[in-house]
Amino acid sequence: MVNLEEPTQQNVEFMIETIKTKLRMATAAAMQASHFNVDQYEDIRDLYEVVASKEKFSISEVEALVSELGKLRGK
């Protein structure tokens, strides 16, 4: 199990990959985990926790989550 208490690049990449998998993102290849920075760790973790806590997502939920990811990418 990954310890997400540590704000590391490895944890950022783990969370992004988990989010992409869980949302079944059609554009997952364009959303590379390496494009995200530890500086946004708390925001990424918040998104990760939302995604991890749900089994299914509506289209509008997926769009909102992907939009939030896009805002965090490469800041």
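Structure first, text after, so check above.
Please read all numbers here as calculations on a predicted model, not as lab measurements.

Visitor: I'd like a rundown of the pattern of salt bridges, residues and numbers included.
Guide: All told, the structure shown has 5 salt bridges when counted by the stated rule. One salt bridge in this structure joins R45 and E5, with 3.0 Å as the shortest N-O distance. Of the two residues, R45 sits in helix 2 (residues 41–53) while E5 sits in the segment before helix 1 (9–23), which places them 40 residues apart along the sequence. The exposure class assigned to R45 is buried, which follows from its relative accessible area of 16%. Given the relative accessible area of 57%, E5 is considered exposed. For the salt bridge of E49 with R45, the shortest nitrogen-to-oxygen distance reads 3.0 Å. Residue E49 and its partner R45 are located together in helix 2, separated by 4 residues, close to a single helical turn. Residues joined by salt bridges that share partners form a network here, namely E5, R45 and E49.

Visitor: Tell me about the environment of L72, and name the residues and values.
Guide: Take L72: it is sitting in helix 3 (residues 59–72). Given the relative accessible area of 6%, L72 is considered buried. Sequence separation between L72 and I44 is 28 residues; the distance between their C-alpha atoms is 7.7 Å. Setting aside anything within four residues of it in sequence, one finds L72 in contact with F36, Q40, D43, I44 and L47.

Visitor: I'd like a rundown of helix 1, residues and numbers included.
Guide: The terminal C-alpha atoms of helix 1 lie 21 Å apart, and with 15 residues this matches the ideal 21 Å at 1.5 Å per residue to within 8%. Where the residues of helix 1 are buried, they touch helix 2 and helix 3.

Visitor: Before we move on, could you go through the environment of L69 and cite the residues and values that matter?
Guide: Among the secondary structure elements, L69 is positioned in helix 3. Linking L69 and K20, residues 49 residues apart in sequence, is a C-alpha distance of 9.9 Å.

Cut-offs and rules
Each chain carries its own residue numbering, running from 1 in the written order of its sequence. pLDDT decides what is reported in this predicted model: residues at 70 or higher carry local features, side-chain atom pairs at 80 or more are listed and counted, and totals for whole chains, interfaces and linings draw on all residues regardless. Based on all heavy atoms of the structure, the side-chain values leave hydrogens and waters out of the count. By salt bridge we mean one thing: a side-chain nitrogen of Lys or Arg within 4 Å of a carboxyl oxygen of Asp or Glu. Comment: elements are numbered from the N terminus, with helices defined as DSSP H or I runs of at least four residues and strands as E runs of at least two. Using a 1.4 Å probe on the protein chains alone, a residue whose accessible area is under 20% of its type maximum counts as buried, one over 50% counts as exposed, and one in between counts as partly exposed. Contact criterion: two residues are considered in contact whenever any of their non-hydrogen atoms come within 4.5 Å of each other. For a helix, the expected span equals 1.5 Å multiplied by the number of residues minus one.

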